[in-house]
Amino acid sequence: TKMFISNAPVADLFLIFATKNRKHGFMGISAFLLEKGTPGLFVGRPIGKMGLRTSPMAEVVLDQCEIPVGQRLCAEGNGGTIFRHSMAWERCCILASCVGSMTRLVEACTQHARSRRQFGKPLSAFQAVSHRIVDMKVRLEGARLLLYRAGWLRDQGADAAAEVATAKLVIAEAYVQICLDAVQLHGGYGYTTEFELERELRDAIGSRIYSGTSEIQKEIIADSLGL
């Protein structure tokens, strides 16, 4: 049984990592392709989540699931290589959409601060507001550059595990903070569902968990430093 499989309820094809000999260790696995409807492959009911609700999630169960060797990818025991390669690209690119969302939030907050008036002047005239937006902009641009650098290194064929982990960590944490800032800047409107900033925040929190938690990214970075 494997929990928390994104898009499992709507998937037609499953990539399964398994081992025939546990003595080979965690990465001594093989990779297999299974189609939806394969005997012994079961998908559980969708799991409710606080955010990212447009990406359904469920558990996947393998019960007496026998498949031919022809459905194995590469040689036996090479699944670890496939997993590491795919995860490196996933962690590098999966938060690119978050950078796009952060860009939109910074633009929306800037426009709101210019147009919304309090005490006879626009919100942007208050230093506490303008400086908060500046902090959002700085987080955004730092996250964007780390994303581009990690992608460029991967494109050049570099392993770049630490750089990818750094980008994933920084983008996820920046995304959550920018969403919190956006809610705060919009005041009561930010707390309503009508403006959908609360939805953005709920989605952002997931970025700190999926594809390796922020704590896992710190472990990867620490390992690269010999710590």
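Note: the structure precedes this text.
Residues numbered from 1 in each chain as written. Predicted model: local features only at pLDDT ≥ 70, side-chain atom pairs only at ≥ 80, totals over all residues. Heavy atoms only, no water.

1. Focus on the sheet that holds strand 5 (residues 57-62)
Here is step 1: Spatially, 1-5-4 is the arrangement adopted by the 3 strands of the open sheet, whose pairing is antiparallel. Single-partner strands in this sheet number two, and they are strand 1 (2-6) and strand 4 (41-43). When the angles between neighbouring strand axes are averaged without regard to direction, this sheet yields 35°. (Pairing = 2+ DSSP bridges. Helix = DSSP H or I, 4+ residues; strand = E, 2+ residues; numbered from the N terminus. Axes fitted to C-alpha atoms, helices over the stretch in contact; angles between N-to-C directions.)

2. Regarding the sheet that holds strand 2 (residues 13-18)
Hydrogen bonds between backbone groups are what pair the strands of a sheet, and the pairing can be parallel or antiparallel.
Here is step 1: As summarised here, the arrangement of the 3 strands in space is 2-3-6, forming an open sheet in which the pairing is antiparallel. Only two strands of the sheet have a single neighbouring strand rather than two, namely strand 2 and strand 6 (72-73).
Here is step 2: In terms of strand pairing, strand 2 meets strand 3 (residues 30-35) through 6 bridges, oriented antiparallel. Each bridged residue has a counterpart across the sheet, and for phenylalanine 14 the counterpart in strand 3 is leucine 34.

3. Here's the deal with the side chain of arginine 154
Here is step 1: Considering the arrangement of structural elements, one finds arginine 154 in helix 3 (residues 127-155).
Here is step 2: Nearest to the buried, unbridged arginine 154 among oppositely charged side chains is aspartate 159, at 4.8 Å.
Here is step 3: The contact partners of arginine 154, leaving out residues within four places of it in the chain, are His85, Ala88, Trp89, Cys92, Asp159, Ala160 and Val164. (Buried < 20%, exposed > 50% of the residue type's maximum accessible area, 1.4 Å probe, protein only. Lys, Arg positive; Asp, Glu negative; His and termini not counted. Salt bridge = Lys/Arg side-chain N within 4 Å of Asp/Glu carboxyl O. Contact = heavy atoms within 4.5 Å.)

4. Side note on the nonpolar core
Here is step 1: Ranked by size, the top nonpolar core spans 34 residues in total, and within it Met102, Leu105, Met136, Ile171 and Tyr175 carry the most contacts.
Here is step 2: Elements that contribute at least two residues to this core include exactly helix 2 (96-115), helix 3, helix 4 (161-185) and helix 6 (197-206).
Here is step 3: Of all the elements, helix 4 adds the most residues to this core, at 12 residues.
Here is step 4: Among the nonpolar cores identified, the runner-up in size contains 9 residues, and Ala11, Phe32, Leu41 and Val60 belong to it. (Core = buried A, V, L, I, M, F, W, Y, C linked by side-chain atoms within 4.5 Å.)

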